[in-house]
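# Observations on the model geometry
The primary structure of each chain is shown beneath.
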Amino acid sequence: MLRCHLSCSVTKLHAYCSGIPLNQYVYFALRSRCITPQEITEALGIEPDETRVHNPRRLPVDPARPFFQSWKVVCREPGLRVDEQITHGLDRLRPRTDRIAELMKRFNKGEDEEEQGLQAVLEVVRYFNDDEQQAEARQSEEREEPNLFGWCLDREAIAFLAATDAFLDVDEYDMTPSTPED
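Residues numbered from 1 in each chain as written. Predicted model: local features only at pLDDT ≥ 70, side-chain atom pairs only at ≥ 80, totals over all residues. Heavy atoms only, no water.

Before going further, it helps to spend a moment on unusual backbone geometry. Even without a glycine there, the phi angle at Asp 165 is positive, about 55°. Along the chain, the position of Asp 165 falls in the loop between helix H5 (155–163) and strand E6 (167–174). (Helix = DSSP H or I, 4+ residues; strand = E, 2+ residues; numbered from the N terminus.)

If you want it as structure tokens, here you go:
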């Protein structure tokens, strides 16, 4: 069983818009238990910006069931909306669309999600009211900032996701500190 996420990570972005500190990033990921990041690199012909072995519980390595490994393309462009980050990251991957699609077909012959050996995901992660951003937020109040809260997927991004059999996952977190109830 092979599981891969091709990760195009358009990195953390710190911004201050409408008085709300915002930290956001996007990535497109391939993860697998069966194919290594090096094998993904060879198949796609593009070097990753990041690789990672996912062992959240620090379990001993079991050769029969290895941990997920991720191959990631990371793009750090401050001041961009999510859709602009997505475009910037996917622009690096679009020339490899056919190769990504071939990998997806090769490792995902069954229709059962549990049997899929390769997964592709475009992930959007946003943290609102991130306390670490308060100082930067105060500094940026005086200059005009783009509105980073609204975004959309254009036809090209949707076509890329469809061609590579990827899914979209959006995670948004309110990091406002909780206050004790009176």
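This part covers the packing of aromatic side chains. The description of an aromatic ring pair rests on the distance of the ring centres and on the angle between the ring planes. Summed over all chains, the structure comprises two aromatic pairs. Here the aromatic rings of Tyr 25 and Tyr 27 are separated by 6.2 Å at their centres, their planes lie at 15°, and the arrangement is stacked. The burial state of Tyr 25 is the same as that of Tyr 27; both residues are buried. If you follow Arg 33 out to its NZ or CZ, it ends over the ring of Phe 68, 4.2 Å from the centre. Just above the ring of Tyr 27 sits the side chain of Lys 72; from NZ or CZ to the centre is 5.3 Å. (Phe/Tyr/Trp six-rings, centres within 6.5 Å; stacked < 30°, edge-to-face > 60°. Buried < 20%, exposed > 50% of the residue type's maximum accessible area, 1.4 Å probe, protein only. Lys NZ or Arg CZ within 6 Å of the ring centre and 35° of its normal.)

Turning next to the environment of Glu 77. Locating Glu 77 in the fold gives a position in the loop between strand E4 (68–75) and helix H2 (82–93). Judged by relative accessible area, Glu 77 falls into the partly exposed class, the value being 32%. C-alpha separation for the pair Glu 77 and Tyr 25, spaced 52 residues apart in sequence, amounts to 9.4 Å.

These values are about where atoms sit, not about what they do.
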